Amino acid sequence: AVKRNGKQNVRRYNPADDADTEYRQELGRELAGALERGEISLVFQPLYDLQTGGLVKAEVLMRWHHPVFGWVSPAAFIPVAEQAGLINTLGLWALQQSCQYAQQWPEVVLCVNVSLLQLFQSNFAQQISEFLQEYDVPAGRLELELTETTLMQDNSNTIMGLITLRKTGLSLTIDDFGIGYSNLARLRTFPVEGLKMDQSFTRHLAGSELDQRYAKEMIYAVVQISDIAGLQVTAEGIETLEQLQAVRALGCHTGQGYFLARPCGPEQFVMLLNDAAPPTWATA
Ligand code: C2E
Ligand code: MG
Ligand code: MG
Ligand code: MG
C-alpha cells in the first residue's frame, strides 16, 4: 500500500490508504467468522506501579491469527471491525473473557480497550454488568480505555455514555492522551479515573535534546494537572531504562512498555503474577 506521488516522493504507509481496497473488504469478510473459528485471542501486558514496582494492572489486547494472512495487527483489524459492524461482537467477547480472567486474577485490574461504537450501544453498560455478575467480579476490577481522539468525536452522547458506565462502578481512562485536540482544561469535563499518555511522549524522551525537553515539560504539566484533578497518569511505550527513569522522575503513577514487560498469553502472565521478587528497576 505504498503509493507514489510523482517521481521522488514515496508516501509512508497509512492504514487509511487501504480504506476501499479489496484487501480491507476481504479482511472484513474473513473477520466475520474469525471468532467462531477460534482465530481471535487475548494477550495481557502488565502495568506496574512506578513507585513500588508492583504489577497492579494489565491491558487486554486482541490478537487475530488468520490461517493465510498470519498475524493481523489490531491496529489494522479493529478499524475494519468497526466499519464492517463486527466491533460489538468482538468487543463483548473480549469483555466477557476479561471478566473470566479477572475472576482468576483477583490481584490485578484488567484494562480493556473499547471503541466509541460500543459506547453508543444502548445496552452496553447492562451487558458488562451481566458479565461481571456471571463471574462474580466487582466492577472496579475492570477499567475501560477510550482513546482521546474517539472521545472528541461526539460530545453530549459520549459524556452520557461515560456517565452511565461510571454509574455501574467501572473505571474509565483516556487512552493515547495528548495527541488529540482536547486540552488540559477539558480533562475536568470527562468522568474518568486516569489517562494514558500517548506513546509519542515516551518516544520523544529518547529523541533529540529539544524533543526530550519538550516531552519532559509536557509530561510534567499533565502530571501536575492530573494530581490536582485526582487522575492517575500512565506512561505507555517505555522501551528503555532511561525512559523509565524519566517518567518515574516526572511523577507518572503507572508504566507500561516493552522494557517492563511485553504482552503475553495467560500462562505467562500467571507466572509474572506469581513472581514474588519485585522487578530490579524498583529496588535498585
Ligand atoms: P493501545 O490501546 O494504545 O495499546 C498499546 C499498544 O502499544 C499495543 O499494541 C501494545 O502492544 C503496544 N506497546 C506496548 N508497549 C510498547 C512499547 O514499549 N513500544 C511499542 N512500540 N509499542 C508498545 P497492539 O496490541 O498492536 O494494539 C494496537 C491498538 O489496537 C491498541 O492501542 C488499541 O487501540 C487497539 N486494540 C487492541 N485490542 C483491542 C480491543 O480489544 N478492542 C479495541 N476496541 N481496540 C483494541
Ligand atoms: Mg489501550
Ligand atoms: Mg495507548
Ligand atoms: Mg494506540
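Just above, that's the structure.
Throughout what follows, the structure given in this document is the object of discussion. If you're wondering where the values come from, they're calculated on a predicted model, not measured in any experiment.

**A closer look at the site of ligand 1**
Stage number 1. Taken together, 21 residues are adjacent to ligand 1, and N113, D175, Q199, E239 and Y258 come closest.
Stage number 2. For ligand 1, an oxygen atom lies 2.9 Å from a polar atom in the side chain of E59.
Stage number 3. Between ligand 1 and D176 there is a distance of 3.1 Å, counted from an oxygen atom to a side-chain nitrogen or oxygen.
Stage number 4. In isolation ligand 1 has 810 Å² of accessible area, and contact with the protein removes 83% of it.

**Let's talk about the packing of helix α1 (residues 22-32) against helix α2 (residues 74-83)**
Stage number 1. The N-to-C vectors of α1 and α2 enclose an angle of 80°; their axes lie 9 Å apart at closest approach. Here α2 runs roughly perpendicular to α1, going by the angle between their axes. Across from R24, L27, G28 and L31 in α1, the residues of α2 making contact are F77, P79, V80, A81 and Q83.

**Section: the layout of surface pockets**
Left-over empty space is what a probe sized like a water molecule reveals as it rolls over the atoms.
Stage number 1. Space inside the largest pocket adds up to approximately 1200 Å³.
Stage number 2. Lining the largest pocket are 43 residues, with L61, N113, T147, D175 and D176 sitting closest to its centre.
Stage number 3. Of the residues assigned to the lining of the largest pocket, the class counts are 18 nonpolar, 15 polar and 10 charged.
Stage number 4. Roughly 220 Å³ of internal volume is contained in the second largest pocket.
Stage number 5. For the second largest pocket, the lining is made up of 13 residues, of which Y48, L272, D275, A277 and P279 are closest to its centre.

**Quick word on helix α7 (residues 156-167)**
Stage number 1. End to end, α7 covers 17 Å across 12 residues, agreeing with the expected 16 Å (1.5 Å per residue, within 8%).
Stage number 2. Those residues of α7 that sit buried are T158, I159, G161, L162 and L165. In a view along the axis of α7, the buried residues occupy a sector of 160°, so they form one face of it. Set apart from the buried face of α7 by more than 90 degrees, the exposed residues are S156, M160 and K167.
Stage number 3. G169, located one to two residues past α7, shows a positive phi value of around 95°.

**Things to note about the pattern of salt bridges**
Stage number 1. In this structure the tally under the stated criterion is 7 salt bridges.
Stage number 2. Note that E30 and R37 form a salt bridge whose closest N and O atoms lie 3.7 Å from each other.
Stage number 3. Between R37 and E39 there is a salt bridge, with its nearest N and O atoms 2.6 Å apart.
Stage number 4. Given a relative accessible area of 44%, R37 falls into the partly exposed group.
Stage number 5. Among the charged side chains, a salt-bridge network with shared partners connects E30, R37 and E39.

**With respect to the coordination of the magnesium ion (ligand 2)**
Stage number 1. On the protein side, the magnesium ion (ligand 2) has E59 (OE), N113 (OD1), E145 (OE) and D175 (OD) as donor atoms, found 2.0 to 2.2 Å from it.
Stage number 2. Counting the intervening residues between successive donors of the magnesium ion (ligand 2) yields the motif E-x53-N-x31-E-x29-D.
Stage number 3. In this structure, the magnesium ion (ligand 2) lies 4.1 Å from the magnesium ion (ligand 3), and both are coordinated by D175. In this pair, E145 is assigned in strand β7 (residues 142-147) and D175 in strand β8 (residues 171-177), connecting sequence segments 30 residues apart. This pair shows no difference in class: E145 is buried, exactly as D175 is.

Cut-offs used in this document
Residues numbered from 1 in each chain as written. Chains lettered and ligands numbered in written order. Predicted model: local features only at pLDDT ≥ 70, side-chain atom pairs only at ≥ 80, totals over all residues. Heavy atoms only, no water. Near = heavy atom within 4 Å. Polar contact = N/O pair within 3.5 Å; in protein donor to acceptor, adjacent residues only side chain to side chain. Areas by Shrake-Rupley, 256 points an atom, 1.4 Å probe, with all protein chains shown as cover. Axes fitted to C-alpha atoms, helices over the stretch in contact; angles between N-to-C directions. Helix = DSSP H or I, 4+ residues; strand = E, 2+ residues; numbered from the N terminus. Parallel < 35°, antiparallel > 145°, perpendicular 65-115°, else oblique. Contact = heavy atoms within 4.5 Å. 1 Å grid on protein atoms, 1.4 Å probe; cavity = no way out; pocket = protein on both sides within 12 Å on 5 of 7 lines; lining within 4 Å. Points joined across faces, edges and corners; volume = space filled by probe spheres on them. Nonpolar A, V, L, I, M, F, W, Y, C, P; charged D, E, K, R; others polar. Expected span 1.5 Å × (residues − 1). Buried < 20%, exposed > 50% of the residue type's maximum accessible area, 1.4 Å probe, protein only. Arc of directions from axis to C-beta. Salt bridge = Lys/Arg side-chain N within 4 Å of Asp/Glu carboxyl O. Donors = N, O, S within 2.8 Å, 3.2 Å for Na, K, Ca; no water.

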